[in-house]
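# Structural characterization, general
Residue strings, one per chain:
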Amino acid sequence: MDMIKGISRIFSIGLLTLMGTNVNVWAQSEIDLSKIKLPEGFKISIYAEGITDARSLSSTPDGKTVFVGNRRRKNVYALTDTDGDMVADKTYKWASKTGKDWNMPNGVAYHNGDLYVAEVNRILRFPDIMNNLDDPKQEVIFEDYPTDAHHGWKFIAFGPDGKLYVPVGAPCNVCENDKEVYASITRMNPDGSNMEIYATGVRNSVGFAWDPKTQKMWFTDNGRDMMGDDIPACELNFAPEKGMNFGFPYWHQGDIPDPDFGDKFPRTNFTEPKYKFEPHSAPLGLRFYQGDMFPAKYKNNIIVAQHGSWNRSLDAGHIGYQLRFVQVEGDKVISSEIFASGWLDQKTNKGWGKPVDILGMPDGSILVSDDVAGVIYRISYEK
């Protein structure tokens, strides 16, 4: 891997549109892109900056408008690239108009002209969003998810079946709960009807995608904390059909019994992960690369954002803060390697940035959100 040559870049944020009111907001900050290591031929640049707590990503099919969710804040953003230079030049920042702030509006999904946003316990829909960017109209299509904030933020995406998939995290580090909806991935119709549980035993998934060749789901899952620096691993799981159970809270990483609950059921009751990420590396967003810009090996394979650890001792050091490339074939992982790194300062053991989600663009580049640096990166390739 070669260090990307670059200099600290000052990027100005242009016109901000807030719920129909235009105000000029200019923000300046410095991001040293030379810290990011990528394979030879790849380049990283800034697509948008000043996007506080930038989390989940979605876009219109033409890629000219990108939607960004928040976990710690109350806003949803729309970023537009009006001149096609692959740098956002206009930002819309939305907040609730009901008098009550949106509650962790982390998940965003564009579908058939509408924008869907996931709060902790509700799914919102903004109809005909592209004709209402200045003043979006909000509908609540589902509001019966649990209200627990612990693992309550949600990534959402539409599957090949046209249904909206929504995870429900465990309301704890590790616990049993008599409500089946906890520690699950659910799905519903686009109008919010017929919600059902698709997968169980999923502690906290904040990313899933479907293999373009098989149309089957792969998802990340964050392993439990407080079992030590080096166990359990975080997981990459394969969920080709409804009704599978992935082990939480009884078994972790497929082969480690939980100290409190592991003796209740045998390991064979559950589906084991297809790949084990580094413990506490917090894999979040993942996407199958479907563009034609990158070298052929990346096509129809997975790029994962590993957000980075918090539950590791200072002696062990933090881990993650990177993008990982994972090659799959059918239901198997063939290989894995670090694709992008450098957001973790090894000398201070502190992360100056943390990648969250990944989004493929029509030109073959990818966008990467960073909720610490507050930016959206663009990664491209030139032969």
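## Considering the side chain of Asn106
- Note that Asn106 resides in the loop between strand 11 (90-94) and strand 12 (107-111).
- Engagement of the side chain of Asn106 in a polar contact is seen with the side chain of Arg55, the distance being 2.9 Å.
- Not counting residues within four places of it along the chain, the set of residues in contact with Asn106 comprises Arg55, Ser56, Gly69, Asn70, Arg71, Ala118, Trp153, Lys154, Phe155 and Val206.

## Description of empty space enclosed by the protein
- Counting across every chain of the model gives three cavities of 30 Å³ or more.
- Roughly 80 Å³ of volume is contained in the largest cavity.
- Within the lining of the largest cavity, the residues separate by chemical class into five nonpolar, five polar and four charged.

## Some words on the layout of surface pockets
- In this structure, the largest pocket encloses a volume near 910 Å³.
- Around the largest pocket, the lining comprises 34 residues; the ones closest to its centre are Phe158, Arg287, Gln290, Leu359 and Gly360.
- The computed volume of the second largest pocket comes to approximately 470 Å³.
- Contributing to the lining of the second largest pocket are 26 residues, with Arg71, Trp153, Asn222, Ala282 and Trp310 lying nearest its centre.
- Taken together, the residues that form the lining of the second largest pocket break down as eight nonpolar, eleven polar and seven charged.

## Things to note about the sheet that holds strand 23 (residues 244-245)
- Across the sheet, five strands lie side by side as 16-17-18-19-23; this open sheet has mixed pairing. Across the chains shown, the open sheet's two edge strands, defined by having one partner strand only, are strand 16 (157-158) and strand 23.
- Here strand 17 (residues 164-168) runs beside strand 18 (residues 184-188); their pairing, made up of five bridges, is antiparallel. Paired with Leu164 across the strands is Met188, a residue of strand 18.

## Let's talk about the nonpolar core
- Formed by 26 residues in total, the largest nonpolar core has its most connected members in Phe294, Ile303, Leu323, Phe339, Ile366, Tyr377 and Ile379.
- Among the secondary structure elements, those contributing two or more residues to this core are strand 7 (42-49), strand 28 (302-306), strand 29 (322-329), strand 30 (332-340), strand 34 (366-370) and strand 35 (375-381).
- In this view, Tyr377 contacts Ile31, Leu33, Ile44, Ser45, Ile46, Tyr47, Trp343, Trp352, Ile366, Leu367, Val368 and Asp370; residues no more than four positions away in its chain are not counted.
- Of all hydrophobic cores here, the second largest spans 20 residues; its members include Tyr165, Ile185, Met217 and Phe219.

## Some remarks on the state of the cysteines
- Tallying each qualifying case throughout the model produces one disulfide.
- A disulfide bridge connects Cys172 with Cys175, and the sulfur atoms are separated by 2.0 Å. An S-S torsion of about -80 degrees defines the bridge between Cys172 and Cys175 as left-handed.
- Among the residues examined, Cys172 registers a relative accessible area of 11% and is labelled buried.
- The thiol sulfur of Cys234 is not disulfide-bonded, and the nearest other cysteine sulfur, from Cys172, lies at 15 Å.

## Comments concerning the pattern of salt bridges
- Inspection of the entire model under this criterion finds 24 salt bridges.
- Notably, a salt bridge pairs Lys43 with Glu382, separated by 3.2 Å at the nearest N-O pair. Here the residue Lys43 occupies a position in strand 7, and Glu382 occupies one in the segment after strand 35, the gap between them amounting to 339 residues.
- Linking Glu196 and Arg187 is a salt bridge whose minimum nitrogen-to-oxygen distance equals 2.5 Å.
- On the basis of relative accessible area, Arg187 is assigned to the buried category, the value being 13%.
- What you see here is one network of salt bridges that share partners, running through Asp161, Arg187, Glu196 and Lys242.

What counts and what doesn't
- Residues numbered from 1 in each chain as written.
- Predicted model: local features only at pLDDT ≥ 70, side-chain atom pairs only at ≥ 80, totals over all residues.
- Heavy atoms only, no water.
- Helix = DSSP H or I, 4+ residues; strand = E, 2+ residues; numbered from the N terminus.
- Polar contact = N/O pair within 3.5 Å; in protein donor to acceptor, adjacent residues only side chain to side chain.
- Contact = heavy atoms within 4.5 Å.
- 1 Å grid on protein atoms, 1.4 Å probe; cavity = no way out; pocket = protein on both sides within 12 Å on 5 of 7 lines; lining within 4 Å.
- Points joined across faces, edges and corners; volume = space filled by probe spheres on them.
- Nonpolar A, V, L, I, M, F, W, Y, C, P; charged D, E, K, R; others polar.
- Pairing = 2+ DSSP bridges.
- Core = buried A, V, L, I, M, F, W, Y, C linked by side-chain atoms within 4.5 Å.
- Buried < 20%, exposed > 50% of the residue type's maximum accessible area, 1.4 Å probe, protein only.
- Disulfide = S-S within 2.5 Å.
- Salt bridge = Lys/Arg side-chain N within 4 Å of Asp/Glu carboxyl O.

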